[in-house]
Amino acid sequence: MSTINDLVGEFHNEMVELIKKYQFRDRNEMVCCGLSVSQCYALEALNRFGSLSMQNLADKMHLSISTMTRVINPLVIKGLISREEDINDHRVRVIKLTQAGKGKYLETWDNVFKSEKSILENFPEDQRKSLIEFLQKLNKAFGNWKENCSSN
């Protein structure tokens, strides 16, 4: 029986390969719409969570505010998002998806959803929900790991 120490290298290799394949798949799908991968993730976050402060958007994307600013500036220029002053705190900027941004989000993610459906179809129907539950546990484990690293 393998110990956890025996499995760490194998886990690392599989994660690296999965992340590279997923990220490059996204890059190929999204760049065709004239946006970077990070810009598409920003549109997705705003579509999913609604208007967000700059800090909340940066937190959701696991980026610093300065990096997030560089990601969204071109989206503001293209009219895909708006950056407005918070009515309760004038120091805070609220980021919102515009109608054009919603349209661009739908165009971009339509391609991604089709590819994800194609990937999911590689699994037997009775295993698909278990796969999603496993990914949720893996995502939570990464969140716990990150939290532990931040507190040290």
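Everything discussed here concerns the structure shown above.
Report on the accompanying structure. These numbers were taken from a predicted model, which means no experiment stands behind them.

Nonpolar side chains tend toward joint burial in soluble globular proteins. Within the largest apolar cluster, 21 residues are counted, with the highest numbers of intra-cluster contacts made by Leu43, Leu57, Met68, Ile72, Leu75, Ile81 and Ile95. Listed by contribution, the elements that provide at least two residues to this core are α2 (37–49), α3 (54–60), α4 (65–77) and α5 (99–120). Looking at this core element by element, the count peaks at five residues for α2. If we ignore the near neighbours within four places in the chain, the residues touching Leu75 are Leu35, Gln39, Ala42, Leu43, Leu80 and Ile81.

Further remarks concern α4. The first and last C-alpha atoms of α4 sit 18 Å apart over 13 residues, in line with the 18 Å expected at 1.5 Å per residue. At Val71, α4 shows its strongest bend, of approximately 30°, with the proline Pro74 following within four residues. Residues of α4 that are buried include every one of Met68, Val71, Ile72 and Leu75, and no others. Elements that come into contact with the buried residues of α4 comprise α2, α3, β2 (81–85) and β3 (93–97). Gly79 occupies a position one or two residues after α4 and carries a positive phi of about 75°.

On to the pairing of β3. Bridging between strand β1 (residues 52–53) and β3 involves two bridges; their strand directions are antiparallel. Note on β3: the bridge partner recorded for Ser53 is Val94. As paired strands, β2 and β3 are joined by five bridges and run antiparallel to one another. Directly across from Ile81, in β3, lies its bridge partner Leu97.

What follows deals with the packing of aromatic side chains. The final tally for this structure, using the stated rule, is four aromatic pairs. With 6.2 Å between their ring centres and 40° between their planes, Tyr105 and Trp109 make a pair best called tilted. Residue Tyr105 and its partner Trp109 are located together in helix α5, separated by four residues, close to a single helical turn. Side by side, Tyr105 and Trp109 carry an identical accessibility label, which is buried. Both rings, one in Trp109 and one in Phe113, keep their centres 6.1 Å apart while their planes meet at 40°; by these two values the pair is tilted. Of this pair, Trp109 and Phe113 both sit in helix α5, separated by four residues, roughly a single helical turn. By relative accessible area, Trp109 is classed as buried at 3%. The partly exposed category is assigned to Phe113, whose relative accessible area is 45%. A cation over a ring is seen here: Lys60 above Phe49, with NZ or CZ 4.1 Å from the ring centre.

Our next topic: the pattern of salt bridges. Within this structure, the stated rule accounts for five salt bridges. Its salt-bridge partner being Arg93, residue Glu85 comes within 3.8 Å of it at the nearest N-O pair. Judged by its relative accessible area of 43%, Glu85 is partly exposed. Across the pair Lys114 and Asp110 runs a salt bridge, and its minimum N-O distance is 3.3 Å. Separated by four residues within a single helix, Lys114 and Asp110 lie in helix α5, roughly one turn from each other.

What counts and what doesn't
- Residues numbered from 1 in each chain as written.
- Predicted model: local features only at pLDDT ≥ 70, side-chain atom pairs only at ≥ 80, totals over all residues.
- Heavy atoms only, no water.
- Core = buried A, V, L, I, M, F, W, Y, C linked by side-chain atoms within 4.5 Å.
- Buried < 20%, exposed > 50% of the residue type's maximum accessible area, 1.4 Å probe, protein only.
- Helix = DSSP H or I, 4+ residues; strand = E, 2+ residues; numbered from the N terminus.
- Contact = heavy atoms within 4.5 Å.
- Expected span 1.5 Å × (residues − 1).
- Bend = angle between axes of the 7 residues up to and from the residue.
- Pairing = 2+ DSSP bridges.
- Phe/Tyr/Trp six-rings, centres within 6.5 Å; stacked < 30°, edge-to-face > 60°.
- Lys NZ or Arg CZ within 6 Å of the ring centre and 35° of its normal.
- Salt bridge = Lys/Arg side-chain N within 4 Å of Asp/Glu carboxyl O.

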